[in-house]
Amino acid sequence: MGNLIKAEFRKTLTLKAWWALMIPAVVFAFAFALFWGMVTNDFSDFLGRSDTRELTEALGISTGELPVGLLALGHGINIGTMIPIIFGVFALAGEYTKKTITTTFLTAPNRVSALSAKMITYIAWGAIYGVIIVAAASLGTVITVDSQRLPTAGQWLGVLGAGVLATILATLFGIGVGAVWRSVVGSIITLTIWMLVVENVLVFVMFGAADITWLGGVLPNGTVNGIVGAIGAEAFGAAGVKVPGLQDETAWALQYAAGAPGAFSWWASALIFFGWTMVFFLAGWAVNQKKDIT
């Protein structure tokens, strides 16, 4: 197994995808955190002064102490997490596209060993992406958010851990989708349209038309975003244990501001997205146990 893992790392490092995708991951994470930092730094204008006053009274803090930096971090990390998903697609679908899957399977003792080595390798890559994306989003947040509104050291470490967990699961999710589809282009186009367009529109429409606040908390994009975003929402009393008397509309707006509309809590989001990841990963695993590679 050790030699297979080394081979997977060498295979990945000889290609340009890992660093070519790292560039947009850093740029998007930084830019979105920078933008949302500017938007939410003046939180009273963002949410409304009466809602802000009600919220700060319930939390027992002043407006200037609201940790709006968590909101900027959530959006920056969440957009950056799309890139590990795409990177994961290349893991197996890329080998089918480049016709190297035959060599991969024939040089391993069995397909289970080959796929296990690939999974372990990309877990490590997902963690690397997570650390770098959190660092880029943190830089964008520090630049735009007032110092007294930045996360505490404990909150930042929580975001770092959640960000790494999100990117690891996102990478495995991408592997699963790519393994089922076996097409890099098809997988990436479908995932991008669904996660960035269709799902967001669906969540907004169902909230506006039917007052359904929980939909984003169960769909793939909403749950991967909720792993980090719900930490910010929880800090404002809008997820997990909610502030008493907080209206559903205000809570949803706070969740949206944190990048996780509909999230129940960060750990619930992690569990639900883990379920989505396993559905596609195990389906891809099963498909590739029987796939003809000749």
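Residues numbered from 1 in each chain as written. Predicted model: local features only at pLDDT ≥ 70, side-chain atom pairs only at ≥ 80, totals over all residues. Heavy atoms only, no water.

> Can you lay out the overall build of the protein chain for me, pointing to particular residues and giving the numbers?
Secondary structure assignment for the protein chain yields 13 helices and zero strands. Ordered by position in the sequence, the α and β elements of the protein chain form the string α-α-α-α-α-α-α-α-α-α-α-α-α. Considered along the principal axes of its C-alpha atoms, the protein chain spans approximately 65 × 40 × 25 Å. Counting over 294 residues, the protein chain shows a buried share of 51%. Partitioning the contacts of the protein chain with sequence separation of at least 6, the portion at a separation of at least 24 is 82%. Taken as a whole, the protein chain presents about 12700 Å² of accessible surface, with 70% of it coming from carbon and sulfur. Separation of charge centres in the protein chain, based on 15 positive and 15 negative side chains, amounts to 24 Å. (Helix = DSSP H or I, 4+ residues; strand = E, 2+ residues; numbered from the N terminus. Buried < 20%, exposed > 50% of the residue type's maximum accessible area, 1.4 Å probe, protein only. Contact = heavy atoms within 4.5 Å. Areas by Shrake-Rupley, 256 points an atom, 1.4 Å probe, with all protein chains shown as cover. Lys, Arg positive; Asp, Glu negative; His and termini not counted. Charge placed at Lys NZ, Arg CZ, Asp CG, Glu CD.)

> Break down unusual backbone geometry for me, with residues and values.
Phi at Arg-182 takes a positive value of approximately 60 degrees, unusual for a residue other than glycine. Examined against the element boundaries, Arg-182 turns out to sit in the loop between helix H9 (153–181) and helix H10 (184–210). The class of Arg-182 is partly exposed, set by a relative accessible area of 27%. For Asp-211, which is not glycine, the phi dihedral falls at a positive 55 degrees. Looking at the element boundaries, Asp-211 is found in the loop between H10 and helix H11 (220–235).

> Give me the lowdown on the packing of helix H5 (residues 69–80) against helix H8 (residues 111–144), citing residues and values where you can.
As a packed pair, H5 and H8 sit with axes 9 Å apart at the nearest point and diverge in direction by 140 degrees. Relative to H8, H5 is oriented oblique. Note that H5 runs across H8; the crossing there is right-handed. Side by side, H5 and H8 meet where Gly-69, Ala-72, Leu-73, Gly-76, Ile-77 and Gly-80 of the first sit next to Ile-133, Val-134, Ala-137, Ser-138 and Thr-141 of the second. A per-class count over the contact of H5 with H8 returns six nonpolar, five polar and no charged. (Axes fitted to C-alpha atoms, helices over the stretch in contact; angles between N-to-C directions. Parallel < 35°, antiparallel > 145°, perpendicular 65-115°, else oblique. Left-handed = near helix turned anticlockwise from the far one by under 90°. Nonpolar A, V, L, I, M, F, W, Y, C, P; charged D, E, K, R; others polar.)

> Give a description of the side chain of Thr-144 that names residues and reports values.
If you trace the backbone, Thr-144 turns up in helix H8. We classify Thr-144 as buried; its relative accessible area is 14%. Residues within four places of Thr-144 in sequence aside, it is in contact with Ala-33, Leu-34, Gly-37, Met-38 and Asn-41.

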